[in-house]
Amino acid sequence: MRYQILLAGLLMLATNVLSQMGNRSRLEVNEFSQGTSGNKEYIELIVVGPKDCIDTTMNIAHWIVDDQNGWFAQGAGAAISGGHYRFRDTVIWHNVPIGAMIVIYNDADKNTNPGFPPDDPLDSNSDDVYVLPISSPLLEYSTLPANGSTTPINYSGLSYTKGAGTPDPQNWARIGLRDDGDAILVVRPNAIFSDPAGWFAIGYYSMPFFTGPAVLTIILTLPSGDNVVRATWYFDEASGRHDANTAWKTGPAGSLVETPGLPNSINNAAWISAVRKHPGRSSDIWVTPASAVTCSMTPVLLAAHNGANSNTWKWSPAVGLSSTTGASVYANPVYTTTYQLTGTDTTNCPDTAYVTVTVLSSPPVAPPLQTFCLNSGATVAQLTANGEAIKWYADPVGSTVLPGSTPLQSKMYYVSQTTNGCESTRTPVQVLLSAPAAPELVATPPTCSIPLGAITVRSPVSEAITYRLNGGASQPVNVFSGLLPGTYRVEADSSGCKSPPGFVDILPVASTLELTLTTTAACAKTGAIIAVAKNGTAPYVYALDGNNFKPSGLFENAGEGAHVVTVRDAGGCTASSQINVSGSNRFNLRLVSSTQTVFEGEQVFLQALASVKCDITKWFPEVLFSRQSASQQNFVATTSVNIGAIGKTPDGCVDTAYFQVKVQPLADIYIPSAFTPNGDGRNDDLRLFGPASTITWKIYSRYGKLVFETRDKFKAWDGTVNGMAQPTGVYVFSLRAQKQAGGEWLQKTGTITLMR
């Protein structure tokens, strides 16, 4: 009961507001649609106001079009969209004819109604119909009111952005219309809530009314008459009473009730004509017949009449008309079309009349491109089209109907349908006869560990294609595996259309793995065997006399006599070789270091010592030592490592020694407190250790003179300035560093002692 009282009160308020407006100019919603799917929506407006032969236009610049912003209903499912649009202040909107129709649509998801008018934002054909997309630069938008706003705001004073002209799904979202309940607002420029004459709103599907300030004018609420979620609402009343529910009709979107850019009905046409009329006309004009029904491609004669002389006649739209001027024209539209006749009398005042030509048949719907397999014997009977009494032709007009047994060619065909005894115009269909290209193949050869190969079809690749190997069974996967060496043929099949064959060879395994063995003279009945592999696939593993494989090719303490070494590469290929180890006398080789545990980045000094005279033949890891025959070595330790050396006596006896260097990682940046640049190979320079990404390092003499500066964390000071050795003594350093890029900067200072 409370809702009914509110509804009645609001409708009374709307009626009072309309009566207060009198002849005040305004925009009225005439039609709007949810579209058949997605956001194929549009809004149609009518310019309403007083006019005569002199004043026949209205300035609609800054008039606002908006939707439900949370003012009518709140919460989930309340159809709330933030932002709104308005007409820009441009010359095109300063003088819009009274009675003109404006269609605004979503160009990111355009309505597919066959009768949807083409873009005409400037009314270039002077039919008083403006059609423009929501992205048009003739519109501008604001992001306010915010999404979910529950309190009405004044539109005055908001900032706006011009439309970009490019379809954007976000554009329509600012006034997107929900299928199961929403509202459309039309607001006069700079209107505020204390000005009820500036606000109009249409709610549909029983959208609850806003219950705030009573000054907001709610025109009406439209329930869904046929309970169709996607629908078109249109004003169907000759009186112009937009505030009456009975004046509005609804129907499924995409049906004949959807008439963007045209009157909605005979009543609506009469109202639009009344809006466009003005005082002082000598007579009204009309058209005979008042309406017409015809077959497609059958012209209808339309004649203009009036009670007094008319100077000019204009017919629109031009589609299907023999002429757009003259008192009599022939109409031959493809679809049902409502034509507008504008006549200017001897006083130069126009009048308008409408006539609808109903076409009993329309072209059938057919895929514009239909593809068939070359040499498959496809015929006209296999072409696809939706319609009644379908007929296929070889030409757009004339010619005879093609029998279903007619073989298809790669060319254009034309199809019509016959409904209500009328044959339609013909829809073009392009037919393409083709076949898949020969498969492009890639062979994967077998390896020693995987003795079977594979074939991969690189192209064509699609879910709709199957593949056949050597004429065997078809499979949907483009890979054939488990194949012996040989030549293979592959064919592709797309919907029964077979490609020419593609050929590829799978080659047998061709292992080129080689093994080279060297030995050292054995001491005390044992010696060392060194195995080196090449021409295989790294990494390699080695085995001595059939024992377990290991990554190293060095076999120490091999007994005197014949041995067999086997190598295996990453591909599973193997190679073997035999070598003989002979005996000699043994000696003891050992490694001595300055220290066993060092900090990360420090130098380690090593010396090889033996109980007898010997030569050093090898140090490893080799990457650390460039002087392989030196008995003394030094290197910078960055990680713990096992050091080894091989020594050989003049009589050929070989021994190996090992030493483990343990590296203590630095958690902080470290600078030694002293160094000795005397050329003895130990502590000859001063360098920075530890984690550092970026540094600025400076060293000063005790007199404050800068003797060294660098930003390179790997650069060291050798105790000289411009090549001159600096005196012994204490020096001061300052260091500014980051442990890691983008990390915190650290500041260190201290002293360094230079000794020689």
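To start, this report covers the structure provided alongside it. (Residues numbered from 1 in each chain as written. Predicted model: local features only at pLDDT ≥ 70, side-chain atom pairs only at ≥ 80, totals over all residues. Heavy atoms only, no water.)

1. Looking at the overall build of the chain
So, step 1. Across its full length, the chain holds three helices and 56 strands.
So, step 2. Residue burial in the chain is summarised as follows: out of 756 residues, 45% are buried.
So, step 3. By sequence separation, contacts in the chain at least 24 residues apart represent 60% of the contacts at least 6 residues apart.
So, step 4. Looking at the chain as shown, the accessible area adds up to about 35,900 Å², and 53% of this sits on carbon and sulfur atoms. (Helix = DSSP H or I, 4+ residues; strand = E, 2+ residues; numbered from the N terminus. Buried < 20%, exposed > 50% of the residue type's maximum accessible area, 1.4 Å probe, protein only. Contact = heavy atoms within 4.5 Å. Areas by Shrake-Rupley, 256 points an atom, 1.4 Å probe, with all protein chains shown as cover.)

2. A closer look at the sheet that holds strand β15 (residues 248–252)
So, step 1. Ordered by their spatial adjacency, six strands build an open sheet running β8-β7-β2-β1-β14-β15, and the pairing between neighbours is mixed. Each end of this open sheet is capped by a strand with a single partner; those strands are β8 (129–133) and β15. Along the sheet, successive strands turn relative to each other by an average axial angle of 25°, direction set aside.
So, step 2. Examined bridge by bridge, strand β2 (residues 42–48) and strand β7 (residues 101–105) share five bridges and lie antiparallel to one another. Among the inter-strand pairings, Ile 46 is bridged to a residue of β7, identified as Met 101. (Pairing = 2+ DSSP bridges. Axes fitted to C-alpha atoms, helices over the stretch in contact; angles between N-to-C directions.)

3. Thoughts on the nonpolar core
So, step 1. Ranked by internal contacts, the top residues of the largest apolar core, which has 53 residues, are Phe 32, Ile 60, Phe 87, Trp 93 and Ile 102.
So, step 2. Considering each element in turn, this core owes the most residues, six residues, to β2.
So, step 3. Residues contacting Ile 102, with those up to four places away along its chain left out, are Ile 43, Glu 44, Leu 45, Val 47, Ile 60, Phe 87, Trp 93, Tyr 130 and Leu 132. (Core = buried A, V, L, I, M, F, W, Y, C linked by side-chain atoms within 4.5 Å.)

4. Concerning the packing of aromatic side chains
So, step 1. Enumeration over the complete set of coordinates arrives at 17 aromatic pairs.
So, step 2. With centroids separated by 5.2 Å and ring planes inclined at 15°, the aromatic side chains of Phe 32 and Trp 233 adopt a geometry described as stacked. Taken together, the positions of Phe 32 in strand β1 (residues 26–33) and Trp 233 in strand β14 (residues 231–235) put the pair 201 residues apart, joining distant regions of the chain.
So, step 3. In this structure Phe 32 comes out as buried when scored by relative accessible area, which is 0%.
So, step 4. You can call Trp 233 buried: its relative accessible area is 1%.
So, step 5. Aromatic pair Tyr 105 and Phe 116: ring centres 5.2 Å apart, planes at 75°, arrangement edge-to-face. Taken together, the residues span a long stretch of sequence, with Tyr 105 in strand β7 and Phe 116 in the loop between β7 and β8 at a distance of eleven residues. Grouping residues by exposure puts Tyr 105 and Phe 116 together as buried.
So, step 6. One aromatic cluster in this structure is built from Phe 32, Trp 233, Phe 235, Trp 248 and Trp 271. (Phe/Tyr/Trp six-rings, centres within 6.5 Å; stacked < 30°, edge-to-face > 60°.)

5. Some words on unusual backbone geometry
So, step 1. The linkage connecting Thr 288 with the following residue, Pro 289, adopts the cis geometry, with an omega of -5°.
So, step 2. Within the secondary structure, Pro 289 is located in the loop between β16 (285–288) and β17 (291–294).
So, step 3. Note that the residue after Phe 620, namely Pro 621, is joined by a cis bond; omega there is 10°.
So, step 4. Phi is positive for Asn 420, which is not a glycine, with a value near 55°.
So, step 5. Tracing the backbone through its elements, the reader meets Asn 420 in the loop between β26 (418–419) and β27 (422–423).
So, step 6. Judged by relative accessible area, Asn 420 falls into the exposed class, the value being 61%.

6. Observations concerning the sheet that holds strand β33 (residues 479–483)
In a beta sheet, neighbouring strands pair by backbone hydrogen bonds and run either parallel or antiparallel.
So, step 1. What the three strands build is an open sheet, ordered β29-β30-β33; its pairing is antiparallel. The open sheet has two edge strands with one neighbour each: β29 (440–444) and β33. Pairs of neighbouring strands in the sheet enclose a mean axial angle of 20°, with direction left out of account.
So, step 2. In the sheet, β29 pairs with strand β30 (residues 453–459) via five bridges, with the strands oriented antiparallel.

7. Some words on helix α3 (residues 266–276)
So, step 1. Buried within α3 are the following residues: Asn 268, Ala 269, Trp 271, Ile 272, Ser 273, Val 275 and Arg 276.
So, step 2. The secondary structure elements touched by the buried residues of α3 are β1, β2, β7, β14, β21 (337–345) and β22 (350–359).

8. Considerations on the state of the cysteines
So, step 1. All told, the structure shown has three disulfides when counted by the stated rule.
So, step 2. Residue Cys 295 pairs covalently with Cys 422 via a disulfide, S to S 1.7 Å. Judged by the sign of its S-S torsion, about -50°, the cystine formed by Cys 295 and Cys 422 is left-handed. You can see Cys 295 sitting in the loop between β17 and β18 (300–306) and its partner Cys 422 sitting in strand β27, a full 127 residues away along the chain.
So, step 3. Residue Cys 295 is classed as partly exposed on the basis of its relative accessible area, which comes to 24%.
So, step 4. Between the sulfur atoms of Cys 373 and its disulfide mate Cys 497 the distance is 2.2 Å. With the S-S bond torsion at 70°, the cross-link from Cys 373 to Cys 497 turns out right-handed. Here Cys 373 is found in strand β23 (residues 369–373), whereas its partner Cys 497 is found in strand β35 (residues 497–498), with 124 residues between them in sequence. (Disulfide = S-S within 2.5 Å.)

9. What to know about the environment of Asn 39
So, step 1. Checked against the element boundaries, Asn 39 lands in the loop between β1 and β2.
So, step 2. Of the residues examined, Asn 39 reaches a relative accessible area of 39% and is grouped as partly exposed.
So, step 3. Taking the C-alpha atoms as reference points, Asn 39 and Asp 109, separated by 70 residues in sequence, lie 5.8 Å from one another.
So, step 4. Among residues more than four places away in sequence, those in contact with Asn 39 are Asn 106, Asp 109 and Trp 172.

10. Here's the deal with the side chain of Gln 340
So, step 1. If you trace the backbone, Gln 340 turns up in strand β21.
So, step 2. For Gln 340, the side chain forms a polar contact with the side chain of Thr 342, separated by 3.4 Å.
So, step 3. Sequence-distant contacts of Gln 340, defined by excluding residues within four places in its chain, comprise Asp 127, Arg 276, Lys 314, Trp 315, Ser 316, Thr 352, Ala 353 and Tyr 354. (Polar contact = N/O pair within 3.5 Å; in protein donor to acceptor, adjacent residues only side chain to side chain.)

11. Section: the pattern of salt bridges
So, step 1. Overall, the coordinates contain eleven salt bridges when judged by the stated rule.
So, step 2. Of the charged contacts, one joins Lys 249 and Asp 236 as a salt bridge, the two residues approaching to 3.1 Å between their closest N and O atoms. Of this pair, Lys 249 sits in strand β15 while Asp 236 sits in the loop between β14 and β15, placing them 13 residues apart in sequence.
So, step 3. Note that Lys 498 and Asp 493 form a salt bridge whose closest N and O atoms lie 3.5 Å from each other.
So, step 4. Here Asp 493 falls in the buried class, since its relative accessible area comes to 13%.
So, step 5. Each of Arg 86, Arg 88 and Glu 140 takes part in salt bridges that share partners, so that together they form one network. (Salt bridge = Lys/Arg side-chain N within 4 Å of Asp/Glu carboxyl O.)

12. A short note on the side chain of His 84
So, step 1. Examined against the element boundaries, His 84 turns out to sit in strand β5 (residues 84–87).
So, step 2. For His 84, the side chain forms a polar contact with the main-chain oxygen of Leu 144, separated by 2.5 Å.

13. Things to note about the environment of Val 48
So, step 1. Tracing the sequence through the fold places Val 48 in strand β2.
So, step 2. With relative accessibility at 9%, the residue Val 48 sits in the buried group.
So, step 3. Residues Val 48 and Gly 99, 51 residues apart in the sequence, show an inter-C-alpha distance of 5.8 Å.

14. Topic: the pairing of strand β45 (residues 603–610)
So, step 1. Pairing geometry for strand β43 (residues 589–593) and β45, over five bridges, is antiparallel. Along β45, the bridge assignment pairs Arg 590 with Leu 609.
So, step 2. Direction of pairing for β45 relative to strand β47 (residues 632–636): antiparallel, over a ladder of five bridges. Counterpart to Phe 605 in the pairing with β47 is Asn 634.

15. Section: the environment of Ala 443
So, step 1. The residue Ala 443 is located in strand β29 in this model.
So, step 2. Aside from chain neighbours lying at most four places away, what touches Ala 443 is Ala 454, Val 504, Asp 505 and Ile 506.

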